[in-house]
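Notes for the structure review
Listed here are the chains, written in short residue letters.
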Amino acid sequence: MSAGRPSAPAGPEGDDKGGVRAALSGLTTRGRSFLAAGVAAAACAYALGQSDLLRVGLLLAVLPLICVTVLYRTRYRVAASRRLSPGRVPAGAEARVHLRMDNISRMPTGLLMLQDHVPYVLGPRPRFVLDRVEAGGRREVSYRVRSDLRGRYPLGPLQLRLSDPFGMCELTRSFSAFDLLTVIPRTEPLPPVRLAGEASGYGDGLRRSLALAGDDDIIPRAYRYGDDLRRVHWRSTARHGELMVRREEQPQRAGCTVLLDTRRAGYEGGGPDSAFEWAVSGAASALVHLLERGFSVRLLTDTGTSVPGEGADGFTGSPQDSADSAGLMLDTLAVVEHSDGAGLSRAHDALRGGGEGLLVAFLGDLDESQAALAARMRQRTGAAVAFLMDWDAPRTDSGAGTGAVSAGVEKRLRQLREAGWTALPVRPGAALGDLWQQAGQERSRMSDGSGGYTGGWS
């Protein structure tokens, strides 16, 4: 991304006085010391009548002024660019920033210092010293950034500092462009499990044939080069005046909604190890895993916001668009914050219900009314799995580990399970992979007991 091509350090035309003042303000400590010593020597020479001392004073005073004038009048033309590799990284991972500076003027530069502005959470501010760049020359440098906190961070603008060979004056010019580094939540690979159904998003119970039904059910399309002529539908061809063929059997992708509870009242504490960050990371891991398994996925928050919002009812579109949809949902999770705490009612309304869709919910602390509302969500989906935060429980070493569950969380879990949820508590230090495996086992036992569940997830 180009950071611009300003003429540096020349000031804007028609503002020479302001430019001169800015240049004088760039005097270094050495330059100011020389100027002060020259003025003092000239004053002493005038008082004492020493002409030789006056020459020395004039030399000391004039030298930094000459450096300021030369540096101010020298118009270097440089272009700078910045490239992120990659532009989207998980929390805790490193990204490399590549800077390139091109001297597009006809004269070499003097000593240059490049400085890029980065947020403090990404590390110290990088500085690079370039000794001399020849006319038409190029210099490339790079540095690394890393953040344990998800978010979207601006990089830039790039700052260029010029100095004279004597170190009397330094002038700073800034480019205008900046780039954004997106730090997404950490994702954890999840094991493939089955919930008493198919092991992917394309179950046999979800396939629909549009070609093998009766004439009234056939939806033909225009002939395309390479289509099998045996699938030509002659009645439609005669009606439309062009070759029409029967559609091939179209598998319908199973839908899954990943619900993230962002209510401020549902979580306590903050930082990378907080319950809210665990829930955000868990939602990211679940949606990436389900997309890889062929599901049509949408991300839903308690505010009723649905991402990506494309396709039917806000789910992802074709499998070819899954990568873009995953990036959009991860970008949303990178900047998600606590909501105003209005409750789960808007998320409940967003679940229009029915069908064989799967609901995977990451819930914070629930009071009695919110637990009842979450229990009613089960009526609007085919299968439902809930991970309920229990951050008051003692820390365990295993995600699916043992240990006492808080009394309030145990009551909410029982309420959700009675409504048909597969509900699991999440303790501090829990690993989502273990909980995912445990949820699959419990859902399989529930399916074997009822015998009527045909949907699946993995």
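The paragraphs below set out a description of the structure included in this document. Please read these numbers as outputs of a predicted model, since none were measured by experiment.

The N-to-C vectors of helix 8 (residues 368–377) and helix 9 (residues 407–418) enclose an angle of 25°; their axes lie 9 Å apart at closest approach. If you check the angle between helix 8 and helix 9, you find them roughly parallel. In the packing of helix 8 onto helix 9, the handedness of the crossing is right-handed. Residues Glu-368, Ala-371, Ala-372, Ala-374 and Ala-375 of helix 8 pack against Arg-412, Gln-415 and Leu-416 of helix 9. Of the residues in the contact of helix 8 with helix 9, the class split is five nonpolar, one polar and two charged.

A few words now on the nonpolar core. Among the nonpolar cores identified, the biggest contains 43 residues, and Val-258, Leu-287, Leu-333, Phe-362 and Phe-387 are the most heavily contacted of them. Among the secondary structure elements, those contributing two or more residues to this core are strand 16 (255–260), helix 5 (275–292), strand 17 (296–301), helix 6 (322–335), strand 19 (358–363), strand 20 (383–389), strand 21 (422–426) and helix 10 (432–450). The dominant element in this core, judged by the number of residues it contributes, is helix 5, at 11 residues. Those residues within four positions of Phe-387 in sequence are excluded, and the remaining contacts are Val-360, Ala-361, Phe-362, Leu-363, Leu-424, Val-426, Leu-432, Leu-435 and Trp-436. Residues Leu-27, Leu-84, Val-118 and Leu-130 belong to the second largest nonpolar core, which totals 35 residues.

Our next topic: the sheet that holds strand 11 (residues 179–184). Pairing between sheet strands relies on hydrogen bonds along the backbone, with the strands arranged either parallel or antiparallel. Overall, mixed pairing links the three strands, which are arranged 3-11-8 in an open sheet. The outermost strands of the open sheet, each flanked by one partner alone, are strand 3 (88–90) and strand 8 (151–155). The mean angle between the axes of side-by-side strands here comes to 25°, regardless of whether they run parallel or antiparallel. One ladder, built from three bridges, connects strand 3 with strand 11; its direction is parallel. Among the inter-strand pairings, Arg-88 is bridged to a residue of strand 11, identified as Thr-182.

Another point: the packing of helix 5 against helix 6. Pairs of packed helices are described in terms of their axes, by the angle between the two and the distance that separates them. Direction vectors running N to C along helix 5 and helix 6 enclose 175°, while the axes themselves pass 10 Å from each other. If you check the angle between helix 5 and helix 6, you find them roughly antiparallel. Residues Val-280, Ala-283, Ala-284, Leu-287, Val-288 and Leu-291 of helix 5 lie in contact with helix 6, whose contacting residues are Ser-322, Ala-326, Met-329, Leu-330 and Leu-333. Of the residues assigned to the contact of helix 5 with helix 6, the class counts are 10 nonpolar, one polar and no charged.

With that settled, consider the pairing of strand 10 (residues 170–174). Here strand 9 (residues 158–163) runs beside strand 10; their pairing, made up of five bridges, is antiparallel. When the sheet's bridge partners are listed, Leu-160 is paired in strand 10 with Arg-173. The antiparallel pairing of strand 9 with strand 10 creates a hairpin that spans six residues between the two strands, and Gly-167 there sits at a positive phi of about 70°.

As a further point, take the packing of aromatic side chains. In this structure the tally under the stated criterion is five aromatic pairs. Note on Tyr-267 and Phe-276: the rings are 5.2 Å apart at their centroids and 70° apart in plane angle, and the pair reads as edge-to-face. Overall, the relative accessible area of 8% leaves Tyr-267 in the buried class. Look at Phe-362 and Phe-387: their rings are 5.1 Å apart centre to centre, the planes differ by 20°, and that puts the pair in the stacked class. In this pair, Phe-362 sits in strand 19 while Phe-387 sits in strand 20, placing the two residues 25 residues apart along the sequence. Of the two residues, Phe-362 and Phe-387, neither departs from the other in class, the shared state being buried. An aromatic cluster is built from Trp-278, Phe-362, Phe-387 and Trp-436, whose rings are joined through pairwise contacts.

With respect to topology, six strands assemble into an open sheet ordered 18-17-16-19-20-21, the strand pairing being mixed. Only two strands of the sheet have a single neighbouring strand rather than two, namely strand 18 (306–307) and strand 21. Pairing of strand 19 with strand 20, which is carried by six bridges, proceeds in the parallel orientation. In the strand pairing of strand 20, Leu-358 is matched with Ala-383. Sheet contacts for helix 5: strand 16, strand 17, strand 19, strand 20 and strand 21; angle to strand 16, the most-contacted strand, approximately 170°. Along the sheet face, helix 6 touches strand 16, strand 17 and strand 18 and points at about 20° away from the line of strand 17.

Scoring rules and cut-offs
- Residues numbered from 1 in each chain as written.
- Predicted model: local features only at pLDDT ≥ 70, side-chain atom pairs only at ≥ 80, totals over all residues.
- Heavy atoms only, no water.
- Axes fitted to C-alpha atoms, helices over the stretch in contact; angles between N-to-C directions.
- Helix = DSSP H or I, 4+ residues; strand = E, 2+ residues; numbered from the N terminus.
- Parallel < 35°, antiparallel > 145°, perpendicular 65-115°, else oblique.
- Left-handed = near helix turned anticlockwise from the far one by under 90°.
- Contact = heavy atoms within 4.5 Å.
- Nonpolar A, V, L, I, M, F, W, Y, C, P; charged D, E, K, R; others polar.
- Core = buried A, V, L, I, M, F, W, Y, C linked by side-chain atoms within 4.5 Å.
- Buried < 20%, exposed > 50% of the residue type's maximum accessible area, 1.4 Å probe, protein only.
- Pairing = 2+ DSSP bridges.
- Phe/Tyr/Trp six-rings, centres within 6.5 Å; stacked < 30°, edge-to-face > 60°.

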